[in-house]
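# Chains, contacts and geometry: an overview
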Amino acid sequence: MPAPAHLNPRLLRAFVTVAEELHFTRAAMRLYVAQQALSRDVRRLERELGSELFVRTTRQVALTPDGERLLPYARRALAAQDDLLAAAGQARPLLVDLNSPGLATGRRVLHRARELTPGHELMARYESGLTWAAGELTAGRLDASFGRFAGLPEALKAGLDQQPVRYEPMAVILPEGHRLAALDRVPLDALAGETVYAGAGNPRTPEWTDLARLLFEGRGIDVAPPAPLAVGEEEFQRLMARTGHPVLAVVDFPPLPSMVLRPLVDPVPLSPVSLVWRKGLIHPALEGLRGAASGIAAEEGWLRRPAKGWVSDRDLDVMSSP
């Protein structure tokens, strides 16, 4: 592989991201660029190096031997660039996962953190679930996320720190014609006999499915079996309309056409939300993010549990930690 006199770091970042995802669409989403622009950058890097880095077919993307050899060097070069910029007072953006567009807790914390740290860039990402995001955190491809820390495997938790942020009241999404849709609030026991979708089989969100099982245990409520992973609001709505299952959600879940969201009560089930980041992470905007989380939690009583609230014992232990 011939060595050019200069390599644009943007091209290296494009290469590394595609190498990690082995999928151009997902890589483009991570970098917030158009897929065509990402493909052009990879092709340009291949021309400058005089070597193919990926084998592309209609079914898959794979690294070539030259790509495999380049990957560790490209990662080190990008890490060195990040260190250099940080030392010069130009820290890279803090990459903050908000799980899904429309969810309020992480978005509100991020907006407040931007106000508290106007000299630094905080960039939103959407990894859909904390289990998936946790792997990105430990790999250094993401800096912070939000979600149910107690639901993570111990091996992942060992490399992460967390700060309790909110007990988020849970809700159920119902088709408009469902027998419970006319209620303003749905008693939890009214779901007895129902099969409720809670993301079973989604590799990004097993912590959510686990919480549903703990909540439904002994109440005659079943967790819906795994369904095809729906990407995007339109696909999710289509799939849920086809199955007819109620969907376990939180009260701030964005509205969906032809479906209604109803808070769960008697008791009020609570979804514990923590701010999670990689152990040892040093970034000037991280303290702003933590300060924003604790500030809003204090102002809005996010960590106060209602008298008739339900929280699993595992989650209480995590949320009680400093």
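Residues numbered from 1 in each chain as written. Predicted model: local features only at pLDDT ≥ 70, side-chain atom pairs only at ≥ 80, totals over all residues. Heavy atoms only, no water.

## Looking at the packing of helix α1 (residues 9-21) against helix α3 (residues 35-49)
Condition: An axis is simply a line fitted to the C-alpha atoms; with a helix, the fit covers only the stretch in contact. Between two such axes, the angle follows the N-to-C directions and lies from 0 to 180 degrees. For the purposes of this entry, the term helix denotes a DSSP run of H or I that reaches at least four residues, the term strand denotes a run of E that reaches at least two, and both are numbered from the N terminus. Working rule for angles: under 35 degrees goes down as roughly parallel, over 145 as roughly antiparallel, 65 to 115 as roughly perpendicular, anything else as oblique. Contacts: residue pairs with any heavy atoms within 4.5 Å of one another. Only Asp, Glu, Lys and Arg are considered charged, only Ala, Val, Leu, Ile, Met, Phe, Trp, Tyr, Cys and Pro nonpolar, and every remaining residue, Gly among them, polar.
At a minimum axis separation of 9 Å, α1 and α3 run at an interaxial angle of 110 degrees. Between α1 and α3, the interaxial angle falls into the category roughly perpendicular. On α3, the residues touching R10, L11, L12, A14, F15 and V18 of α1 are L38, D41, V42, R44, L45 and E48. Among the residues forming the contact of α1 with α3, the class breakdown is 8 nonpolar, no polar and 4 charged.

## Section: the pattern of salt bridges
Applied cut-off: Salt bridges are counted wherever a side-chain nitrogen of Lys or Arg sits within 4 Å of a carboxyl oxygen of Asp or Glu. Burial here depends on accessible area, computed with a 1.4 Å probe over protein chains only, as a share of the maximum for the residue type. Under 20% is buried, over 50% is exposed, and the range in between is partly exposed.
Tallied over the entire structure, the rule returns 21 salt bridges. When the shortest N-O distance is used, the salt bridge between R10 and D41 registers 2.9 Å. Placement of R10 in helix α1 and of D41 in helix α3 is noted, with a sequence separation of 31 residues between them. The partner of E46 in a salt bridge is R43, and the shortest N-O contact between them spans 3.6 Å. Here E46 and its partner R43 are both found in helix α3, 3 residues apart, which amounts to about one turn of the helix. Owing to a relative accessible area of 6%, E46 belongs among the buried residues under this scheme. In this structure, a network of salt bridges that share partners links the residues E20, R75, E136 and R141.

## Side note on unusual backbone geometry
Between D266 and P267 the backbone carries a cis peptide bond, its omega angle lying at 0 degrees. Locating P267 in the fold gives a position in the loop between β11 (259-265) and β12 (268-278).

## A few points about the environment of E207
For the record, the criterion: Within 3.5 Å is the distance limit for a polar contact, defined as a pair of N or O atoms, with the added protein rule that one can donate a hydrogen and the other accept it, and that residues adjacent in sequence qualify only through two side-chain atoms.
Along the chain, E207 falls in helix α8 (residues 206-216). Judged by its relative accessible area of 6%, E207 falls in the buried class. For E207 and A19, which are 188 residues apart along the polypeptide, the C-alpha to C-alpha distance reads 27 Å. Within the structure, E207 has its side chain in polar contact with the backbone nitrogen of L130 (distance 2.9 Å).

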